[in-house]
Amino acid sequence: MKKAMVSALLCAASLGLGMVGCSSGEKKVQQAVPKVGVSLPTQREERWVRDKVKMEQVCRDIGLELVLKVADNDAQRQDKQCDSLVAQGAKVLIVAPQDGKAAASIVEKAHKAGAKVIAYDRMILGADVDLYVSFDNVKVGELQGEALSKLAPKGVYVVLSGSPDDNNAAQFRAGAMKVLQPLIDKKDITVVLDQAIQDWSPAEAQKTMTAVLAAHKNKIDAVLAPNDGIAGACIAALEAQNLAGKVPVTGQDADLAAAQRIVKGTQSMTVYKNTRKLGAVAVQAALAMAMGQPVAMINGKVNNGKVDVPAILCDPIAVDKGNLDSALISSDYLKKEDVYK
Ligand code: BGC
């Protein structure tokens, strides 16, 4: 959305806290600028850095005031940070919850204070969430399951999933299992370990992978890794056994390190979710909501255990060696000189 357009919208509405000068012909009039609060769970995975940078840039471009906090994987800290965002006058909160269930209280408190809440990337469960902006997360898992089962149609599988308090982790796993379960039922695939990794911790994933390799005398044929952080950790464990590149490993996020591993041949694939687009879409939706305007781009509804939440869902794209350049480099998500360094 262009700055001029937003200014026009701002000039038409009376909102939020700060004031902005809107020119009306020669005359300058004072207008309210809506304040948006953003709460992200972490900056550990590179993708969350991209979301942050994009949101900040779009807010700057369109003249929205943004206050952004990072919870460092701590649900209680996130709850307090959101209280403070609302206290600072945020009219809309964009929240990527650390803990999908615990974050219901963030929604309740925000609503009491008259603010709206967008669940960002991760769903907030059991609450009257106003909007969900994310990807088709079941599809993410399906893409992982499809890629892995093509590379290893039979054999011994390690199935890792993300943090149990992150609703996405269950969605990704469910998507992958849509593909893998029939092969498990046919006994083509044997799952020797099916484990969630708390907080998506690469360190825990590496320990887990090292232990399962030892327990099965390195006889592992495929690893379902739910994101690139965990994939990198599993590949490090495989490397220690001279198995990197010999055992297919999935991923997600299109991290630079993952793209480099794909080029090197140690990671089979990643799932590209354009988090820049997601960040921009969320900010635009927040602006509309703050101004009492209808939100454009809604293309679905997702039930969160309490209500059907109107949703804007973007498409994930599977990336392997074959389409890495066209998907990630031509789109300017990653730089050629970094990937092929
Ligand atoms: C996100 C992934 C991310 C993971 C760990 C998930 O909810 O969808 O993109 O890798 O959290 O931060």
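What you are looking at is a predicted structure, and each value in this text was computed from that prediction instead of being measured.

1. A look at the domain arrangement of the chain
Structurally, the chain comprises domain 1 (3–129 + 274–315) and domain 2 (137–273 + 318–339). When each unit is reduced to the centre of its C-alpha atoms, the spacing between domain 1 and domain 2 is 31 Å. Every contact between the two is made by 17 residues of domain 1 and, on the other side, 20 residues of domain 2. Taken together, the two surfaces of domain 1 and domain 2 that pack against each other cover about 1,500 Å², and 36% of this comes from carbon and sulfur. Applying the counting rule to domain 1 against domain 2 returns two salt bridges.

2. Observations regarding the side chain of Arg47
Relative to the elements of secondary structure, Arg47 occurs in helix α2 (residues 46–62). The class for Arg47 is buried, based on a relative accessible area of 3%. Reaching out from Arg47, the side chain makes a polar contact with the side chain of Asp51 at a distance of 2.6 Å. Apart from residues no more than four positions distant in its own chain, Arg47 is found in contact with Tyr120, Asp121, Asp253, Asp255, Lys273, Thr275 and Leu278.

3. Notes on the pattern of salt bridges
If you walk through the whole model with that rule in mind, you get 17 salt bridges. Between Asp51 and Arg47 there is a salt bridge, and its shortest N-O distance comes to 2.6 Å. Taken together, the residues span about one helical turn, with Asp51 and Arg47 both in helix α2 at a distance of four residues. When sorted by exposure, Asp51 lands in the same class as Arg47, which is buried. One salt bridge in this structure joins Arg77 and Asp72, with 2.9 Å as the shortest N-O distance. Exposure remark for Asp72: the relative accessible area of 48% places this residue in the partly exposed category.

4. Description of the sheet that holds strand β8 (residues 155–161)
Remark on secondary structure: sheet strands pair via backbone hydrogen bonds, oriented parallel or antiparallel. Reading across from one edge, β9-β8-β10 is the order of the three strands in this open sheet, with parallel pairing throughout. Among the strands making up the open sheet, the edge pair consists of β9 (189–196) and β10 (222–224). Here the average twist between neighbouring strands, direction ignored, is 20°. With three bridges connecting them, β8 and β10 associate as parallel partners.

5. Concerning the nonpolar core
Ranked by size, the top nonpolar core spans 32 residues in total, and within it Ile94, Ile118, Tyr120, Val133 and Val283 carry the most contacts. Those elements that place two or more of their residues in this core are β3 (35–40), α2, β4 (65–70), β5 (92–95), β6 (116–120), β7 (131–135), α10 (275–290) and β13 (308–314). The element that contributes the greatest number of residues to this core is α10, accounting for 10 residues. In this structure, Leu160, Val223, Ala225 and Ala233 belong to the second largest nonpolar core, which totals 28 residues.

6. Focus: the packing of helix α8 (residues 228–239) against helix α9 (residues 256–264)
Two quantities define a packed helix pair, namely the angle between the helix axes and the distance between the axes. Viewed as axis vectors pointing N to C, α8 and α9 meet at an angle of 45°, and their least axial separation amounts to 10 Å. Judged by the inter-axis angle, α8 sits oblique to α9. The handedness of the crossing between α8 and α9 comes out as left-handed. Between α8, through Asp228, Ala231, Gly232, Ile235 and Glu239, and α9, the contact on the second element is made entirely by Ala258, Arg261 and Lys264. Per-class residue counts for the contact of α8 with α9 are three nonpolar, one polar and four charged.

7. Notes on the site of the ligand
In the vicinity of the ligand lie 13 residues, with Glu45, Asp121, Arg122, Asp166 and Asp253 positioned nearest. Within the complex, the protein chains bury 100% of what would otherwise be the 310 Å² of accessible surface of the ligand. Secondary structure elements with two or more residues in the shell around the ligand: α2 and α6 (167–185). The residue inventory of the shell around the ligand, partitioned by class, reads three nonpolar, three polar and seven charged. In this structure, the shell around the ligand is formed jointly by two domains, domain 1 (3–129 + 274–315) and domain 2 (137–273 + 318–339), each of which donates at least three residues.

8. Digging into the packing of aromatic side chains
As enumerated under the stated definition, the model contains two aromatic pairs in all. Between Phe172 and Trp200, the aromatic rings sit 6.1 Å apart at their centres with planes inclined by 65°, giving edge-to-face as the arrangement. Placement of Phe172 in helix α6 and of Trp200 in the loop between β9 and α7 (202–215) is noted, with a sequence separation of 28 residues between them. Judged by its relative accessible area of 3%, Phe172 falls in the buried class.

Quick notes on the rules
- Residues numbered from 1 in each chain as written.
- Predicted model: local features only at pLDDT ≥ 70, side-chain atom pairs only at ≥ 80, totals over all residues.
- Heavy atoms only, no water.
- Domains from an automatic or database assignment.
- Contact = heavy atoms within 4.5 Å.
- Buried area = accessible area lost by both parts, 1.4 Å probe.
- Salt bridge = Lys/Arg side-chain N within 4 Å of Asp/Glu carboxyl O.
- Helix = DSSP H or I, 4+ residues; strand = E, 2+ residues; numbered from the N terminus.
- Buried < 20%, exposed > 50% of the residue type's maximum accessible area, 1.4 Å probe, protein only.
- Polar contact = N/O pair within 3.5 Å; in protein donor to acceptor, adjacent residues only side chain to side chain.
- Pairing = 2+ DSSP bridges.
- Axes fitted to C-alpha atoms, helices over the stretch in contact; angles between N-to-C directions.
- Core = buried A, V, L, I, M, F, W, Y, C linked by side-chain atoms within 4.5 Å.
- Parallel < 35°, antiparallel > 145°, perpendicular 65-115°, else oblique.
- Left-handed = near helix turned anticlockwise from the far one by under 90°.
- Nonpolar A, V, L, I, M, F, W, Y, C, P; charged D, E, K, R; others polar.
- Near = heavy atom within 4 Å.
- Areas by Shrake-Rupley, 256 points an atom, 1.4 Å probe, with all protein chains shown as cover.
- Phe/Tyr/Trp six-rings, centres within 6.5 Å; stacked < 30°, edge-to-face > 60°.

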